[in-house]
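Observations on chain architecture
Read off the chains here:
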Amino acid sequence: MNKRVFFGECMVELAQTAPGQYQQTFAGDTFNSAIYLKRLNGLQQVSYLTAVGQDTLSQGLLDLMHDEGLDTDLVQRCSDRTLGLYMVATDARGERSFSYWRDQSAAKQTLSLLQRQGGAQLLSGTDSFFFSGISLGILSDEDRRELMALLTTLKGQGCQIIFDPNYRPRLWQSQEQAKYWTDKAYAMADLAFPGGDDHLTLYGHNSVTDILNHVQGLGVTEIVLKNGIEGVQVVTPGNHCIVPTFQVDTVVDTTAAGDAFNGGYLAARFAGLSPADAAQQGAKTAAFVLGFRGAIVPREAFLTQQRKVV
Ligand code: ADP
């Protein structure tokens, strides 16, 4: 089995169902992708690297990971912190607004806790390592440097580095700081999933050419550029193709479409499919998820209606 490590933060989600009533689930960009990957390609060993507390809520997340077949061997435990939380409220016109409590989350400590436990040694034998601009954004500068050192070590051992910039301005002190670290992350990556919106907001790129020049210039060799309804551009050495989106009759919720795309794409690539075929799988997975509320579609509905990649 190939070992796939996903690094990031999974938060408690409280979504409003009626005035004063909320439903509790869990979600996080890299976490969502890890789940969709594992559901579609059970032959991969998928391990989620994060930190949680020692409370009942944290145990709930670990139980979900077990139910989904994710490995918890890399989950760090924090005695004095717990999971971050966000609430999604919907106003009378259906507009959603988000409130976050994540400044003191256990996940922010992941790198320092991992280092204390043995750092890179714990990750030996990892075939691919996936992280995002959110995984980076929650860390201190010192931990970001530690992460880059860890990635250098892993890369030297032949591990594939995969990055999605997922730019969230509120996680950064300034746009300059976000650009600096996003560029460093791209420079480490073998495969990246830039988003059209992210590049417009972060770098002011307003064309596919601008984005591709930037990401290729930083040495990424497999680029999957997501652009919402416009589909994706897949660029590998000597190849450039456009893969359209799948038709969705009713878009119920766009949350996690990009994460689902990543999960589907990686499930297919790890099964040996070409980048173009993998992008089709990604688009199909994203389209399915757009038909449901929330980031993680109920397991039964997903498994009965989506065909596994292998
Ligand atoms: P992100 O969530 O990272 O911003 P996008 O909005 O680009 O990502 O969406 C990710 C993928 O989801 C797209 O590449 C596409 O395959 C699919 N997608 C997004 N919006 C639609 C839509 N309206 N209809 C069908 N597929 C869509």
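Refer to the preceding data block for the structure.
The structure reproduced in this document is the subject of the present report. (Residues numbered from 1 in each chain as written. Predicted model: local features only at pLDDT ≥ 70, side-chain atom pairs only at ≥ 80, totals over all residues. Heavy atoms only, no water.)

Some remarks on the overall build of the chain
For the chain, the helix and strand inventory stands at 11 helices and 14 strands. A compact globule built from 310 residues would reach a C-alpha radius of gyration of about 19 Å, and the chain, at 18 Å, matches this within 12%. Here the chain holds 310 residues, and the buried ones make up 52% of them. Summed over its atoms, the accessible surface of the chain is roughly 13700 Å², and 47% of this surface lies on carbon and sulfur atoms. Side-chain charges in the chain split into 25 positive and 32 negative, and the spacing between the mean points of these groups amounts to 2 Å. (Helix = DSSP H or I, 4+ residues; strand = E, 2+ residues; numbered from the N terminus. Rg over C-alpha atoms; globule rule 2.2 N^0.38 Å. Buried < 20%, exposed > 50% of the residue type's maximum accessible area, 1.4 Å probe, protein only. Areas by Shrake-Rupley, 256 points an atom, 1.4 Å probe, with all protein chains shown as cover. Lys, Arg positive; Asp, Glu negative; His and termini not counted. Charge placed at Lys NZ, Arg CZ, Asp CG, Glu CD.)

Observations concerning the sheet that holds strand β3 (residues 21-27)
Reading across the sheet, the 4 strands line up as β3-β2-β7-β8 and stay open at both edges, with mixed pairing between neighbours. Among the strands making up the open sheet, the edge pair consists of β3 and β8 (96-101). Neighbour-to-neighbour, the strand axes of this sheet turn through a mean angle of 25°, independent of strand direction. By the bridge criterion, 6 bridges tie strand β7 (residues 85-90) to β8 in an arrangement that is antiparallel. By the bridge assignment for β8, L85 is matched with W101. (Pairing = 2+ DSSP bridges. Axes fitted to C-alpha atoms, helices over the stretch in contact; angles between N-to-C directions.)

Concerning the environment of E9
Following the sequence through the fold, E9 ends up in the loop between β1 (3-7) and β2 (11-18). For the pair E9 and L191, spaced 182 residues apart in the sequence, the C-alpha separation amounts to 21 Å. Setting aside residues no more than four positions away along its own chain, E9 makes contact with A27, G28, T30, Y48, T50, G84, R102, S105, A107 and I138. (Contact = heavy atoms within 4.5 Å.)

Observations regarding the site of the ligand
Around the ligand there are 15 residues in total, and G228, F246, G258, A286 and L290 lie nearest to it. Taking G228, its main chain carries an N or O atom lying 2.7 Å from an oxygen atom of the ligand. Note that an oxygen atom of the ligand is positioned 3.2 Å from one of the backbone N or O atoms of G258. For the ligand, whose free accessible area comes to 550 Å², the fraction covered by protein is 78%. Listed by contribution, the elements that provide at least two residues to the shell around the ligand are α9 (257-270) and α10 (275-290). (Near = heavy atom within 4 Å. Polar contact = N/O pair within 3.5 Å; in protein donor to acceptor, adjacent residues only side chain to side chain.)

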